Amino acid sequence: MLVTLPISELIPGMYVNSVTKQQESVDGIKIKTSGLVRDKSIIQRLVAEGVLELLIDFTKSDVAVPSKYKVKEKPQADATNQDKPASKKRVVSLQQEFAKASVSYDAHNRKLQSIFGDLTSGLSLNTDALNEISNEIVSSVFRNEHAMTILTRIKDKHSYNWRHMINCAIFTAVFAKYLGYKREVVQELAMGALMHDLGQAKLPQGIFSKPGKVTGNEMTAIKKHVAQCLGLLKGEKGITTLMLDMIVNHHERLDGSGYPRGVDDSKISRPARILAIVDVYDALTADRPHQEGDEPINALRYLLANKQLFDAELVQLFIKCLGVHPVGTIVKLTNERLALVLEGNHSNPIKPKVKLFYNAKHNHHVTAKDIDLSLNNDEVKIQASVKPADYKINLPRLLKEHLLL
């Protein structure tokens, strides 16, 4: 889809087809350019050159068509898509999707564990199986984005390697959908996230299972997983340049302090920036052999505090997408009750929908009650997030009790 935009509406991720209006310059030079706008410095350069208006090709862009430009297309789209089931998929309830997602999530973990084991043993990569996992994750996210996301809160330090890759695919799909990417692009992004750490299967596994922190030499070895992953994917069908870009650059940082190449923000694409945020967020919140997972709010604070490393604009959007207390988190309310976060609130991330289930003052379960914190006029607020273990709560069992139909 081609849309003409004023320079004031140009943002990173848009693909410029051509310049349609430019101020007359003294030397009479006109800008003739096309390509993806990777960062704000490109926009500033276009402004300095007197560009007023551009033709944007959204079929090549990393961002969705702005809503105000969709209106003109909407009647036609409605007429041509009346018999498509996509709109019906959006009304799937959390409980309905959670029942299916629970089975799928466990199956995905077993399948990815098997793939990981095959690679460790020297067998070839089964990309068809990976594509199937990725497809099912994206389909679940588009039916109800909360079901799979809740399952990422279940921790198991002994299966971190493959859980991390599955979780990153889930978070990437959820975030990309929130950012307005087209379904096929979300699919690519999720696949890239799913594969990003496959190279670790070709490294000594003792490094990842040791209870203590890694040494300098071990870290040097770990950094080789990026090159190992590229080696595994070389020549495989269905592997796109976008996926490879995510894999190569997900450990790069805006200030050039990342690896394997140490490139700065001018060389890091938006998809790679997305995966960098998702990768660190899941790593910080997951239980691993050498550390207990931190609470989501602390991981989000870390991302916010390190603007020199992570795209600050994307971090802000990631927080709005997940919420300050993401779904699946147990929170303590100001009325001395514990509640399970069920659904985020994009307009007010600190006021999600929750399910009250526990009296924290007297330490016993109570009759479950759904509460929308955005509608209770501040009568009840979230005081803090809590770890299930602090109240001897078995999170997988709790989820099944309250979310399975």
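This text goes with the structure placed above it.
Residues numbered from 1 in each chain as written. Predicted model: local features only at pLDDT ≥ 70, side-chain atom pairs only at ≥ 80, totals over all residues. Heavy atoms only, no water.

Student: Please provide a residue-by-residue account of the sheet that holds strand E8 (residues 364-372), values included.
Tutor: Taken together, the 5 strands give an open sheet; going across it, the order is E8-E7-E6-E5-E9, and neighbouring strands pair in antiparallel fashion. Every other strand in the sheet has two partners, leaving E8 and strand E9 (382-386) as the edge strands with one partner each. Neighbour to neighbour, the strand axes of the sheet diverge by 30° on average, direction disregarded. As paired elements, strand E7 (residues 353-359) and E8 share 6 bridges and run antiparallel to each other. Directly across from Lys355, in E8, lies its bridge partner Asp370. (Pairing = 2+ DSSP bridges. Helix = DSSP H or I, 4+ residues; strand = E, 2+ residues; numbered from the N terminus. Axes fitted to C-alpha atoms, helices over the stretch in contact; angles between N-to-C directions.)

Student: Requested: an account of the pairing of E7, with residues and values cited.
Tutor: If a strand is regular, its side chains alternate between the two faces of the sheet. Extensive coverage of E7 is indicated by the burial of 6 of its 7 residues. The pairing of strand E6 (residues 337-343) with E7 spans 6 bridges and is antiparallel. Bridge pairing links Leu338 to Tyr358 in E7. What sits between the antiparallel neighbours E7 and E8 is a turn of 4 residues, in which Asn363 has the positive phi angle 55°. (Buried < 20%, exposed > 50% of the residue type's maximum accessible area, 1.4 Å probe, protein only.)

Student: Residues and numbers for helix H8 (residues 160-179), please.
Tutor: In this model H8 runs 27 Å from its N-terminal to its C-terminal C-alpha over 20 residues, within 8% of the 28 Å that 1.5 Å per residue would give. A large share of H8 lies buried, amounting to 18 of its 20 residues. Just past H8, the residue Gly180 takes up positive phi, approximately 95°. (Expected span 1.5 Å × (residues − 1).)

Student: Report on the pattern of salt bridges, specifying residues and quantitative values.
Tutor: In this structure the tally under the stated criterion is 10 salt bridges. Across the pair Arg143 and Glu97 runs a salt bridge whose closest N-O atoms are separated by 2.8 Å. Taken together, the residues Arg143 in helix H6 (residues 127-143) and Glu97 in helix H5 (residues 94-120) connect sequence positions 46 residues apart. Take Arg143: its relative accessible area is 18%, and that puts it in the buried class. (Salt bridge = Lys/Arg side-chain N within 4 Å of Asp/Glu carboxyl O.)

Student: Describe the packing of H6 against H8, naming the residues involved and giving the relevant values.
Tutor: The geometry of H6 relative to H8 is characterised by a closest axis approach of 10 Å and an angle of 45° between their N-to-C directions. By the angle between their axes, H6 is oblique relative to H8. The way H6 lies across H8 gives a crossing that is right-handed. Between H6, through Ile133, Ile137, Val138, Val141 and Phe142, and H8, the contact on the second element is made entirely by Ile166, Ala169, Ile170, Ala173, Val174 and Lys177. (Parallel < 35°, antiparallel > 145°, perpendicular 65-115°, else oblique. Left-handed = near helix turned anticlockwise from the far one by under 90°. Contact = heavy atoms within 4.5 Å.)

Student: Break down the environment of Asp118 for me, citing the residues and quoting the values.
Tutor: Tracing the chain through its elements places Asp118 in helix H5. Using a relative accessible area of 31% as the deciding quantity, one classes Asp118 as partly exposed.

Student: Can you lay out the packing of helix H12 (residues 225-233) against helix H13 (residues 241-249) for me, pointing to particular residues and giving the numbers?
Tutor: Between H12 and H13, the least distance of the axes is 9 Å, while the angle of their chain directions is 160°. The angle between H12 and H13 falls in the class roughly antiparallel. The handedness of the crossing between H12 and H13 comes out as right-handed. Across from Val226, Cys229, Leu230 and Leu233 in H12, the residues of H13 making contact are Leu244, Ile247 and Val248. Residues that form the contact of H12 with H13 fall into these classes: 7 nonpolar, no polar and no charged. (Nonpolar A, V, L, I, M, F, W, Y, C, P; charged D, E, K, R; others polar.)

Student: Any details on the side chain of Ser269? Residues and values, ideally.
Tutor: Its location among the elements puts Ser269 in the loop between H13 and helix H14 (270-285). Among the polar contacts made by the side chain of Ser269, one reaches the side chain of Asp245 at a distance of 2.3 Å. Apart from the residues lying within four places of it in its own chain, the contact partners of Ser269 are Arg38 and Asp245. (Polar contact = N/O pair within 3.5 Å; in protein donor to acceptor, adjacent residues only side chain to side chain.)

Student: With reference to specific residues and values, describe the sheet that holds strand E2 (residues 15-22).
Tutor: Read from one edge of the open sheet, 4 strands run E1-E4-E2-E3, paired in antiparallel fashion. The open sheet has two edge strands, strand E1 (2-6) and strand E3 (35-36), and neither has a second partner.

Student: How would you sum up the environment of Ala283? Please name residues and give values.
Tutor: Checked against the element boundaries, Ala283 lands in helix H14. Note on Ala283: relative accessible area 12%, which makes it buried. Measuring from C-alpha to C-alpha, the distance between Ala283 and Asp294 comes to 9.2 Å, with 11 residues separating the pair along the chain. Leave out the neighbours within four places in its chain, and Ala283 touches Tyr160, His164, Arg288 and Gln291.

Student: Give me the lowdown on the packing of aromatic side chains, citing residues and values where you can.
Tutor: What the rule picks out here adds up to 7 aromatic pairs. Between Phe171 and Tyr281, the aromatic rings sit 5.2 Å apart at their centres with planes inclined by 90°, giving edge-to-face as the arrangement. In this pair, Phe171 is assigned in helix H8 and Tyr281 in helix H14, connecting sequence segments 110 residues apart. Assigned by exposure class, Phe171 and Tyr281 land together as buried. A centroid spacing of 5.4 Å and a plane angle of 80° characterise the contact between Tyr281 and Phe318, whose relative ring orientation is edge-to-face. One end of the pair, Tyr281, is in helix H14; the other, Phe318, is in helix H16 (residues 312-322), and 37 residues separate them in sequence. The same class applies to Tyr281 and to Phe318, which are both buried. A connected cluster of aromatic rings, assembled from ring pairs, spans Phe171, Phe175, Tyr281 and Phe318. (Phe/Tyr/Trp six-rings, centres within 6.5 Å; stacked < 30°, edge-to-face > 60°.)

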